[in-house]
Amino acid sequence: MTTTEHPHGHDGHQDPTLYRTPADAVAAPGEKLAYVVGFDPAGARPDALFTVGTEPGSSAYGRVIARAEVPGVGNELHHFGWNACSSALAHAGHHHAARRYLIVPGLRSSRLHVFDTVPDPARPRLVKTVEPGELAARAGYSRPHTLHCGPDGVFLSCLGGADGADGPGGVALLDHESFEVLRGWESERGPQHLAYDVWWHLAQNIAVTSEWGTPSMIEDGLVPELLLGRRYGHCLHFWELGTGRHLQQVDLGDAHQMVLELRPAHDPEATWGFTNTVVDVEDLSASVWLWHRDGEDFRVTKVITLPAEPAPAEDLPPALKPFGAVPPLITDIDLSVDDRWLYVSAWGTGDLIQYDVSDPRHPRRTAAVRLGGITARRPHPAAPGVPLTGGAQMVEVSRDGQRVYLTNSLYAAWDEQFYPAGIEPWMVKLDADTSRGGLSVDGRFFPHGEDFAGLRVHQTRLQGGDASSDSYCYRR
């Protein structure tokens with residue numbers, strides 16, 4: 001593969017989708033395409049990257065336009081992202097970077113797949129794979145989970161040590177253009193052992209990482225003994241971004257198991273952000289926390305709690321029968337680019353909840369939609385007679401905040417525990433009221449089932465960027 005064909009934007013100048021400020025990103029033209037990864041839970045068929053039309057006036061609206069398969073089987077495509085984004089503007093040497101390539105890790109295979117979205121954005125083509133051996137040899141990691149395009153490279157958070165070892169997990173640094181694995185990012189790890197997400201406060205030279213578990217803790221499903229023993233991750237870690245030096249560990253309390261998504265404020269002068277915990281082992285609730293700077297240190301404050309919902313044991317999967325309740329299971333959150341709206345996915349109950357976070361210390365619930373759910377199985381308006389499997393899970397928000405996209409699968413082994421009857425894939429779009437708050441399901445947008453060739457769908461990325469893929473260098 002040659003990565004120097006178009007080293008600049010598509011017209012030879014700076015890529016217009018590298019936005020100087022959050023306001024520039026909000027004001028830019030909306031997405032016409034969404035990219036969605038799909039995987040075969042049985043590991044018998046190839047996983048794929050799907051392209052879905054999102055332009056309302058197009059005949060392709062709400063339809064799967066293309067499918068690009070990856071080699072082999074058993075990859076379990078999960079989270080993915082761009083080779084370059086607005087953070088590239090932090091350094092003059094990267095002003096000619098381009099948001100062109102999608103890097104798609106296989107969470108189980110530890111293989112990285114690089115797709116080129118030029119010359120035809122609707123039909124990305126696979127141009128390179130990075131084998132697990134390179135990730136292990138050069139960075140000491142496996143099980144790549146989340147990636148973010150940073151100013152000096154692509155940051156790839158990995159759950160496992162080399163060759164699937166049980167940690168420590170951490171961050172590998174990849175080259176923006178060749179996609180070669182450069183090294184492990186950490187220089188002084190401190191107490192950090194578990195990994196999940198990585199993001200930052202770019203202007204303050206601060207990175208943040210969160211915790212899920214090691215390969216043996218997740219790959220065969222949720223382990224009850226580890227959960228009740230409070231062994232899954234419950235800490236945030238703060239680092240010096242430029243050096244990879246650990247600065248501070250903040251413990252949310254070991255009852256709050258699985259500290260997952262990181263959503264820092266997009267305002268480059270801000271030093272706060274939101275994270276979520278999946279379950280409280282004492283009452284099955286789930287929560288959202290605010291991290292904020294207090295002098296030189298960071299503190300965390302719980303700002304949202306979602307309680308478990310009582311349910312008859314006969315309606316529950318075996319894993320939940322002893323508890324007689326449906327845990328909300330917050331598995332994803334997303335913060336709008338203007339930092340006003342927070343979206344919370346409760347995969348257990350099927351809720352997608354909107355909060356006004358104009359005051360981030362006091363979120364105000366403004367709307368909610370229920371789709372699927374462990375017991376509710378709420379249908380989509382386009383098919384009111386067909387109860388949905390799975391629940392609101394991965395959430396992505398358009399740059400202008402007016403469109404919210406949802407998919408319904410978490411992770412194959414965990415899907416089977418909480419939705420043992422199976423999960424049929426679906427993708428939903430909701431329209432958001434960005435003035436006063438509100439959510440409504442778009443009845444015209446409902447690719448599902450065989451539209452995705454039966455593969456379960458997970459994360460979504462939007463053409464030109466979205467709320468969870470960019471950090472910004474300038475405030476105005």
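To be clear, the structure that these remarks concern was listed above.
Residues numbered from 1 in each chain as written. Predicted model: local features only at pLDDT ≥ 70, side-chain atom pairs only at ≥ 80, totals over all residues. Heavy atoms only, no water.

Asker: Please provide a residue-by-residue account of the overall build of the protein chain, values included.
Answerer: When its secondary structure is counted, the protein chain shows five helices and 30 strands. Whereas a compact globule of 476 residues would reach a radius of gyration of roughly 23 Å, the protein chain reaches 20 Å, a difference of no more than 12%. Across its three principal axes, the protein chain shows a C-alpha extent of roughly 60 × 55 × 45 Å. Here the protein chain holds 476 residues, and the buried ones make up 62% of them. The long-range fraction of contacts in the protein chain, counting pairs at least 24 apart against all pairs at least 6 apart in sequence, stands at 59%. Counting every atom, the protein chain has about 16400 Å² of accessible surface; 49% of that belongs to carbon and sulfur. (Helix = DSSP H or I, 4+ residues; strand = E, 2+ residues; numbered from the N terminus. Rg over C-alpha atoms; globule rule 2.2 N^0.38 Å. Buried < 20%, exposed > 50% of the residue type's maximum accessible area, 1.4 Å probe, protein only. Contact = heavy atoms within 4.5 Å. Areas by Shrake-Rupley, 256 points an atom, 1.4 Å probe, with all protein chains shown as cover.)

Asker: Provide a residue-level description of the nonpolar core, including the pertinent values.
Answerer: Trp212, Ile218, Tyr232, Met258, Trp414 and Phe418 are the most contacted members of the largest nonpolar core, which totals 33 residues. Sort the elements by how many residues they give to this core and helix α5 (residues 412–418) lands first, with three residues. Here Phe418 is in contact with Leu222, Pro317, Leu320, Leu329, Trp347 and Ile374, once residues within four sequence places are set aside. Formed by 29 residues, the second largest nonpolar core is a distinct cluster that contains Trp185, Val250, Trp291 and Val300. (Core = buried A, V, L, I, M, F, W, Y, C linked by side-chain atoms within 4.5 Å.)

Asker: Now, about the packing of aromatic side chains: what can you tell me, with residues and values included?
Answerer: In this structure the tally under the stated criterion is 17 aromatic pairs. Look at Phe238 and Phe298: their rings are 4.2 Å apart centre to centre, the planes differ by 5°, and that puts the pair in the stacked class. Of this pair, Phe238 sits in strand β14 (residues 235–240) while Phe298 sits in strand β19 (residues 297–306), placing them 60 residues apart in sequence. On the basis of relative accessible area, Phe238 is assigned to the buried category, the value being 0%. Phe298 sits in the buried class, given a relative accessible area of 2%. Between Arg20 and the ring centre of Tyr474, over which it is positioned, the NZ or CZ distance is 4.2 Å. (Phe/Tyr/Trp six-rings, centres within 6.5 Å; stacked < 30°, edge-to-face > 60°. Lys NZ or Arg CZ within 6 Å of the ring centre and 35° of its normal.)

Asker: Tell me about the pattern of salt bridges, and name the residues and values.
Answerer: Opposite charge on two side chains lets them pair, provided their charged atoms get close. Going through the model one piece at a time under the given rule, you end up with 34 salt bridges. Put simply, Arg143 and Glu219 hold a salt bridge, and the shortest N to O gap is 2.5 Å. Here the residue Arg143 occupies a position in strand β8 (residues 141–149), and Glu219 occupies one in the loop between α3 (215–218) and α4 (224–228), the gap between them amounting to 76 residues. The exposure class of Arg143 is buried, given its relative accessible area of 15%. We classify Glu219 as buried; its relative accessible area is 16%. Across the pair Arg475 and Asp267 runs a salt bridge, and its minimum N-O distance is 3.1 Å. With Arg475 in the segment after β30 (456–462) and Asp267 in the loop between β16 (256–264) and β17 (272–280), the pair connects residues that are 208 residues apart, well separated along the chain. For Arg475, a relative accessible area of 38% gives the class partly exposed. When its relative accessible area of 18% is taken as the criterion, Asp267 is described as buried. By sharing partners, the salt bridges in this structure join Asp197, Glu261, Arg263, Asp332 and Asp334 into a single network. (Salt bridge = Lys/Arg side-chain N within 4 Å of Asp/Glu carboxyl O.)

Asker: So what's going on with the pairing of strand β1 (residues 33–39)? Which residues, and what values?
Answerer: The element β1 is extensively covered by neighbouring structure, given that seven of its seven residues are classed as buried. Every second residue of β1 is oriented toward a common face, with Leu33, Tyr35, Val37 and Phe39 on one face and Ala34, Val36 and Gly38 on the other, all of them buried. The sheet contact formed by β1 and strand β2 (residues 48–53) spans six bridges and is antiparallel. Note that in β2 the partner of Val37 across the bridge is Leu49. As defined by bridge partners, β1 adjoins β30 across five bridges and the pair is classed as antiparallel. Bridge pairing in β30 places Tyr35 opposite Arg461. (Pairing = 2+ DSSP bridges.)

Asker: So what's going on with the state of the cysteines? Which residues, and what values?
Answerer: With the rule as written, the count across this model stands at one disulfide. Residue Cys85 pairs covalently with Cys149 via a disulfide, S to S 2.2 Å. Of note, the bridge from Cys85 to Cys149 carries an S-S torsion of about 120° and is right-handed in sense. Of this pair, Cys85 sits in the loop between β4 (81–82) and β5 (101–105) while Cys149 sits in strand β8, and the two are 64 residues apart along the sequence. Comparing Cys85 with Cys149, the two get one shared label, buried. With no disulfide of its own, Cys158 has Cys149 as its nearest cysteine by sulfur position, at a separation of 16 Å. Residue Cys158 is classed as buried on the basis of its relative accessible area, which comes to 0%. Residue Cys235 stays outside any disulfide, its sulfur separated by 20 Å from that of Cys158, the closest cysteine. (Disulfide = S-S within 2.5 Å.)

Asker: Can you break down unusual backbone geometry residue by residue, with the values?
Answerer: Glycine aside, a negative phi is what most residues show, and trans is what most peptide bonds show. Look at the link from Val118 to Pro119: it is a cis peptide, with omega at 15°. Position of Pro119 relative to the elements: it lies in the loop between β6 (112–116) and β7 (125–130). In this chain, Gly167 is followed by Pro168 through a cis amide linkage whose omega measures 5°. The residue Pro168 is located in the loop between β9 (154–161) and β10 (170–174) in this model. One non-glycine residue, Glu76, lies in the positive phi region at around 55°. Backbone geometry at Ser110 places phi at a positive 65°, although glycine is not the residue there. Here Ser110 shows up in the loop between β5 and β6.

Asker: Lay out the sheet that holds β1 with the relevant residues and their values.
Answerer: Through backbone hydrogen bonds, the strands of a sheet pair up, either in parallel or in antiparallel fashion. As summarised here, the arrangement of the four strands in space is β3-β2-β1-β30, forming an open sheet in which the pairing is antiparallel. Either end of the sheet is taken by a strand with one partner, and the two such strands are β3 (64–69) and β30. In this sheet, adjacent strand axes meet at a mean angle of 25° when their direction is disregarded. Pairing analysis gives five bridges linking β2 to β3, with the strands arranged antiparallel. (Axes fitted to C-alpha atoms, helices over the stretch in contact; angles between N-to-C directions.)

Any functional reading would require information beyond the geometric quantities listed.
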